[in-house]
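Residue strings, one per chain:
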Amino acid sequence: MSSEAELNALRRWLDIKKRRGHAHMWAWETSDDLVVVERVVAGDFARAAYAKWGREISSIRSNPQRNGVPDCYATEDAKTISIELTEFVDGRLVDHIRAARAEGFDVSAFSATLFERAQWDAERFEAELLKRLTSKSAKYVRNNEFVDLLVIYADEPWLMPTIVEQWLDTITVVGHPTIGSAYLLMSYFPGYSEACPVFQLY
């Protein structure tokens, strides 16, 4: 790829993030974008898992079956593991911001008019987190599927890892037979950890 092509590709990704306007670190628009983002998120999880627990997860690759489960495969302890990814995000807020920007309003989760709406409390956080787990598990049950790791990833700007850590201590997360282990991965937060904050849910 030429330097000009690389620059255009970078501009495109920056435009995607800008157009989304909220929780944009792992934003995507097309199915091809999603494949790239899934590998990036899986890589961020691998680095975070190594930094926190010393786990060595490598050789991350996309599932050749685009719409299949899992999203990615990787290698750990000389074994192939399956990784499924799902985003923790206020989808209605994303839609609201996208619609407002289409009408010429420059708004975001940092705007005064949306600041309160973009906040999280313990009850809302728990409900959304458990919803992600149960919906994925129900899908796997229906399709007789199993994944080794489920990574729920979040780039909500007003969701701080220091607070999330406290909330998780009060939440009971029940394991699901179709999901070997589950994690919450958050976008990088300066001063909290050397990699993206990651928490094991079970």
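Structure shown above.
Now for a quick tour of the structure. As the structure is a prediction and not an experimental result, all values here were calculated from the model.

**Section: helix α1 (residues 3-20)**
The α-helix advances 3.6 residues per turn, and as a result positions three or four apart in sequence lie on the same side.
Here's step 1: For α1, with 18 residues, the first-to-last C-alpha span of 26 Å sits near the 26 Å given by 1.5 Å per residue.
Here's step 2: G21, located one to two residues past α1, shows a positive phi value of around 80 degrees.

**Observations regarding the sheet that holds strand β6 (residues 198-200)**
Strand-to-strand pairing in sheets goes through backbone hydrogen bonds, with the strands running parallel or antiparallel.
Here's step 1: The six strands lie next to each other as β1-β2-β3-β4-β5-β6, forming an open sheet whose pairing is mixed. Because the sheet does not close on itself, it has two edges, and the strands there are β1 (57-62) and β6. For this sheet, the mean angle separating the axes of adjacent strands, direction not counted, is 30 degrees.

**Digging into the pattern of salt bridges**
Here's step 1: Evaluation of the coordinates by the stated rule reveals nine salt bridges.
Here's step 2: In this structure, E128 engages R132 in a salt bridge whose closest nitrogen and oxygen atoms are separated by 2.7 Å. Of this pair, E128 and R132 both sit in helix α4 (residues 122-143), four residues apart, roughly one helical turn.
Here's step 3: With a relative accessible area of 14%, E128 lands in the buried category.
Here's step 4: The class of R132 is buried, set by a relative accessible area of 18%.

**Focus on the pairing of strand β4 (residues 147-154)**
Here's step 1: The buried count for β4 comes to seven of eight residues, which makes it a mostly enclosed element.
Here's step 2: Note that strand β3 (residues 79-88) and β4 share six bridges and pair parallel. Bridged to L85 within β4 is V151.
Here's step 3: Across seven bridges, the pairing between β4 and strand β5 (residues 179-186) is parallel. In the strand pairing of β5, I152 is matched with L184.

Thresholds, definitions, all that
- Residues numbered from 1 in each chain as written.
- Predicted model: local features only at pLDDT ≥ 70, side-chain atom pairs only at ≥ 80, totals over all residues.
- Heavy atoms only, no water.
- Helix = DSSP H or I, 4+ residues; strand = E, 2+ residues; numbered from the N terminus.
- Expected span 1.5 Å × (residues − 1).
- Pairing = 2+ DSSP bridges.
- Axes fitted to C-alpha atoms, helices over the stretch in contact; angles between N-to-C directions.
- Salt bridge = Lys/Arg side-chain N within 4 Å of Asp/Glu carboxyl O.
- Buried < 20%, exposed > 50% of the residue type's maximum accessible area, 1.4 Å probe, protein only.

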